[in-house]
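# Structural characterization, general
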Amino acid sequence: MGSETDSIVIEDSDDSLLDFKELNDLEYDIPPVVPPSLESVLWDMESEEGSDSTSLHSLHSLTQKFRSMLYHGILQGISSQVVSAGERVGAGLPTVITNSSKFVAVGTSHGFVLAFDSEQKLCWCCHDLTTTDQGAISALAFNLDSTRLLVGYERGYISMIDAISGDVIRRLPDAHAPQSAVLHLRFTSLNSLGLSGDSAGCVFSLTFNRRLGVRTWDSKCLFSGARGEVCIFEPLVQGHDIQILGPNVLVAMATLSKIIVVSIKPRLKILFTQQLPRVATTLPVIAWQIVSVGKVLQPVLAWGRNTELNYTRVITGINSKLRLSPLRTVRLSYTLCALHWLGPRHIATLDTSENLRLIEVRTQRELELLELTSAGLVYSSAHFKALALGGGVSEAFALAGERACYNSISSRGDQLLVLGTKAVHLVKLRTWPERLTYLSEQGRWAEALNLAADEGINREKGTTMLLEKFLLSLNQNGVDRDSLTAAVNCCVKLNKIDILCNDLWEAISADQYTLEWYYTLLTDHICNGALYFLNPSVAQALVTHLEHKNPMLLENVLLSVDLSCLDLNQVLKICRIKNLYEAWIHITTKTMGDYISPLTEFIMELTPDNHRLGNTLLVYVSACLAGLGYPHGKIPERDVPRIKHDILRCLETVHSINSMENEQSYPYLRALLKYNTRECLNVVELAFKEIEFCGEMGLLQRQRLVQILLQIVTPPEFDDSQVIILACFVSRLVTSNNLNAEEGILDTVIKSLTDMVGKPLSLRDHMEREQAWIDLLNADKLKHLSLEQLLKMALESKCYKVAENVYEKQKVFASILDCYLKDKVRHTEVFGYILKHIDDSERCIRQQFVVHFKTLVSIDSKKTAEVVIEHFPQLAEEFCEILESDPDLLFKFLSEIVYSDIKLSPRITEEFLRLLCVKNPSLVYSYVKLNLCRVEEALKITQQYNMHASTAFLLEQSGDFQGALSLLLKNNMTDAALDVCIRGSEHLDAKGAQQVWLQLLKHPATLEGISMRELLHSAAPHVSPSQLLELVTDASLGDIKVLIRGMLADCQHDMQMLNTTLKLVGYDLHHGLAKSLCLHGKGVSVQSVLCNLCQKPINSVLENDEETAAIWGCGHSFHTSCVSALDGSLNCPQCRVSATHSLKSKPSTPSRRERVSDNIRLRPDLEGHF
């Protein structure tokens, strides 16, 4: 059978796989001294699935397009020999599989074990004749050194085989619970310690020793199935070179209800338990993996059941104490059937539909899905049911094991072996080079190039080879957008500029459509900052393309790309033609160091409407004066003083180089001021903070520049707003002591601030003007002007805030309120001023409030009313008289105070009612309900303005319910009329209530707005049924059917309620009587035969028939005559205990229920039937 291993059936055409002998040691980092592992050899020998095999042809068609991370192949050498063994020697079908670093072992249904090496050659076949009656192989396990193999049988037998020779060296016939199948076998990190699990749910530790040349073993029960049946267990196996947990040996076990992690070495201890989801039809799954967390290696346990997946890590604490910490819980969209780690970063899950999913552990993102339905996965349900032993397992265990496949899938490292009924399948994670090769062979260039861009930074050779292959494919087959996008992205990320600008550009230059997309991709990367340098020829072509396509985008490219790759003559000419000012400035300043040309070149094009140029020049000047580059970067330190001096000298130049005869002085500064005076002065103000404008020489420079500004900004060339902006700027400098307060400058500033303007100023200009004036006044810079002069100028220029400041200085407080009222900008602030100083007698706020009350109401009636309510409640009527000439203001004012706590006279409230009828009729009814007006006067007003609902309410208030009802019915207000009848029934006698209801019922328009059912329901308590029937005599039987049926039903219901009530009353009386007879029939133990009050014997007076004794339940006894002389209470006179027994009885008083039941009057209740 070993000769058959050389024939390999290719199941997936993937020619990208390299032969193991051709692998480059440096490329794949393979140490030369380490022998090849089973995983690598299997991977190199097997090919991808999908060419001639019919068993996986459908699988290939479904998954080939979307897969790249998972390799799926068939180990044909192993598969063919397993099939051959079944046919030639009767080995039977495969049942279990396991693997180690050196071997793969397969167990069969007839007790055969076949072991294969890394080249799929059959090493040995073991069939122990002593175990022929033990049935199928149900479990296999290699030790860490691949020297021993544990074999478990479905009838409970366990043996140990030498993995090198295939000889049986130990037999364990009774190592676990009797009459139970071996379901699991595992070696721990120690070769001398193994674990076994059986169908009884028990877990045993198997200890192996060799004493005096004799191999011995010992079995010990770790977990009894009586406490919960263990479905699966997994020990944490550490390699010889990794000792994270020291001497500790951890085992994770899962029962049907919980997950348990125990330490079995150096001593048995439970470390972690947690409940599992209770789903009867699924088994739990667990898997260990050692994961790198930062610079520390930590074991992580993945476990779950049904649709829940959990991660728990093992942490070593103080004194090497172990504890488990939950990491994450994930809800899946499918049901788990198997769970295995594929390396430290990925997990493979198998669902009940036999779909294998690859999941990234960190993000829990599903990377790939592989269908294994055609593989014919082997299930161990017969072993879980212990059918070979006649059953004997619990129903829950048997039901959960229907889809058990613990021993059909074996994982090691990044590969997975899947045991099918006819073949052994290999599922493996492709490495990065393998994925590149596979994707490129499949023609999936976009995916391959994106993968290279993401992970190929330190893999120069692999990415270069991929790009070369892509270019070759591009020349032969053309290219699509996605592939070109990925190629450009890969070249940019990996800094392959030569390939990007030479080979790739030449390959696509013939196709104009593809070339445009190439330019678009280059532009995006340049603008995002990912690409800085281009080949000069590509850069020139890109500039030419963008010149016609999108000049603004071209400017962004020129600002981001390295200038050394540009044709300066070309780009400067384009920038001048297309008005790309920022790019032109950037190129000129960076290449030639000329910072003056931008001002001299574009200043003549600057107009108030050319905002793009104006903003660019202002920001440019500000950046230069601050020592910053434009539009980004910094100016070299050695050039900063020179550039600042050159820019300032250019601004202060009296005439330009090519000046005309009619050119005005200071053309550059004048142009900037004309464009935007405020922003230009802001630039100057920022420049004044630089070190060049500090000290004595800096002060002189500031003085000179301010004088130039005052000389330039003069009417009529500049409007009043611009002149005031400059005056405010100068005043800020003067008040902050950054400018000498020369008399000439102050006169110019004051003249600018006080002159009457021709057109109204903007709010911002007006506020800045006032603030500048106040700052000068507070800084005591206006000593040459008296307060009277300043006040006159402020009032003439309508600067009332300045006038307020002057009044404060003059202590003329009475005039300040006028300043607030005249100032249209600040007149709403007058209320804050009033509340702040209302108690200040010097300011006469109370008197001024009365004088200006009408004006204040017009400004804000709500705030005025708040002041009146708080400070002037006694003057409310006087204020109303002031406003009588203006009904609108009176209505606004009364709307705020009429609902307050201020008591107003009826005249005022009635006047407000009259205004409310005119201004807002919808609020009249709610106002009338407040009862603030006299009823007679309110009736006249509401009748005058036809407020029918309010009039009806007032009539109702006066007791005229019929009048109110008639008014409402006259105006077809049936809903309101119904409410009147309901309220009237509560105040009128039975006859009056019946009249109003009959009036409503007889009105023809009543049924138009109210349903008959609702109407009869409301009228039934007040109108007899016969009258109700008379009102509906004209109706058909269908209309009154509900009425009659409801009356009969209510009558029957009342009779039933009466009978039930009488029965309950009788029951209560009988129960009370029985209880009383029981209590009085009990004997009482008398403590003493003497009366506790008079201390005379009780029996001495009992001879007299008229004398009786009173005895309480507490045991105290008295003469009746002694007790009657007291307060007459029923409590014991001695201990105040209430009476339970007494020879003296009181006549019973009929209860309220008994009295009422004598005069019961039945009448139908129609509630709920209409």
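Thresholds applied
- Residues numbered from 1 in each chain as written.
- Predicted model: local features only at pLDDT ≥ 70, side-chain atom pairs only at ≥ 80, totals over all residues.
- Heavy atoms only, no water.
- Axes fitted to C-alpha atoms, helices over the stretch in contact; angles between N-to-C directions.
- Helix = DSSP H or I, 4+ residues; strand = E, 2+ residues; numbered from the N terminus.
- Parallel < 35°, antiparallel > 145°, perpendicular 65-115°, else oblique.
- Left-handed = near helix turned anticlockwise from the far one by under 90°.
- Contact = heavy atoms within 4.5 Å.
- Polar contact = N/O pair within 3.5 Å; in protein donor to acceptor, adjacent residues only side chain to side chain.
- Pairing = 2+ DSSP bridges.
- Nonpolar A, V, L, I, M, F, W, Y, C, P; charged D, E, K, R; others polar.
- Core = buried A, V, L, I, M, F, W, Y, C linked by side-chain atoms within 4.5 Å.
- Buried < 20%, exposed > 50% of the residue type's maximum accessible area, 1.4 Å probe, protein only.
- Phe/Tyr/Trp six-rings, centres within 6.5 Å; stacked < 30°, edge-to-face > 60°.
- Lys NZ or Arg CZ within 6 Å of the ring centre and 35° of its normal.

A few words on the packing of helix 7 (residues 432-441) against helix 8 (residues 445-455). A pair of packed helices is characterised by two quantities: the angle between their axes and the separation of those axes. For the pair helix 7 and helix 8, interaxial distance at closest approach is 8 Å and the crossing angle is 160°. As judged from the angle between their axes, helix 7 and helix 8 are roughly antiparallel. Handedness of the helix 7/helix 8 crossing: left-handed. Seen from helix 7, the contacting residues are Trp432, Arg435, Leu436, Leu439 and Ser440; seen from helix 8, they are Trp445, Glu447, Ala448, Leu451, Ala452 and Glu455.

This part covers the side chain of lysine 644. When you line up the elements, lysine 644 lands in helix 19 (residues 640-651). Within polar-contact distance, the side chain of lysine 644 engages the side chain of glutamate 690 at 3.0 Å. Lysine 644 has contacts with Cys624, Leu625, Ala626, Gly627, Glu690 and Glu692, leaving out every residue within four places of it along the chain.

Right, let's get into the sheet that holds strand 10 (residues 158-162). If you trace the 4 strands from one edge of the open sheet to the other, you get 8-9-10-11, paired in antiparallel fashion. Pairing within the sheet leaves two strands with one partner each, and these edge strands are strand 8 (137-142) and strand 11 (168-172). Sheet twist, expressed as the mean angle between neighbouring strand axes with direction ignored, is 20°. As paired strands, strand 9 (residues 148-153) and strand 10 are joined by 5 bridges and run antiparallel to one another. Bridge pairing links leucine 149 to isoleucine 161 in strand 10.

Right, let's talk about the environment of asparagine 556 for a bit. The residue asparagine 556 is located in helix 14 (residues 551-560) in this model. For asparagine 556 and isoleucine 526, which are 30 residues apart along the polypeptide, the C-alpha to C-alpha distance reads 8.5 Å.

Their axes nearest at 11 Å, the elements helix 12 (residues 512-527) and helix 13 (residues 536-549) cross at an angle of 95°. The orientation of helix 12 relative to helix 13 falls into the category roughly perpendicular. Note on element contacts: helix 13 touches helix 12 through Val538, Ala541, Leu542, His545, Leu546 and Lys549, opposite Glu516, Tyr518, Tyr519, Leu522, Thr523 and Ile526. Among the residues forming the contact of helix 12 with helix 13, the class breakdown is 8 nonpolar, 2 polar and 2 charged.

Our focus in this paragraph is the nonpolar core. Judged by nonpolar contacts, the single largest core of 206 residues is most densely connected at Leu500, Leu504, Tyr518, Leu522, Ile647, Val730 and Phe893. The greatest single-element share of this core, amounting to 10 residues, is contributed by helix 23 (residues 720-735). Beyond its immediate stretch of four places on either side in the chain, leucine 504 contacts Phe470, Leu471, Leu474, Leu484, Ala487, Val488, Ile499 and Tyr518.

With antiparallel pairing, 4 strands are arranged side by side in an open sheet as 4-5-6-7. Each having just a single partner strand, strand 4 (94-99) and strand 7 (122-126) make up the two edges of the open sheet. Mean inter-strand twist for the sheet, computed between neighbouring axes without regard to direction, equals 15°.

All right, on to the packing of aromatic side chains then. Across all of its chains, the model carries 25 aromatic pairs by this definition. With a centroid separation of 6.1 Å and 80° between ring planes, the pair formed by phenylalanine 872 and phenylalanine 879 is classed as edge-to-face. Look at phenylalanine 879 and you get buried, because its relative accessible area is 0%. On the basis of an interplanar angle of 15° and a centroid distance of 5.8 Å, the ring pair of phenylalanine 891 and phenylalanine 912 is categorised as stacked. Of the two residues, phenylalanine 891 is situated in helix 34 (residues 887-897) and phenylalanine 912 in helix 35 (residues 906-919); the sequence distance between them amounts to 21 residues. Residues phenylalanine 891 and phenylalanine 912 agree in their burial class; the two are buried. One aromatic cluster is present, built from ring pairs that chain together Phe849, Phe853, Phe872, Phe879 and Phe893. Here arginine 430 stacks its cationic end above the ring of tyrosine 438, 3.7 Å away from the centre of that ring.

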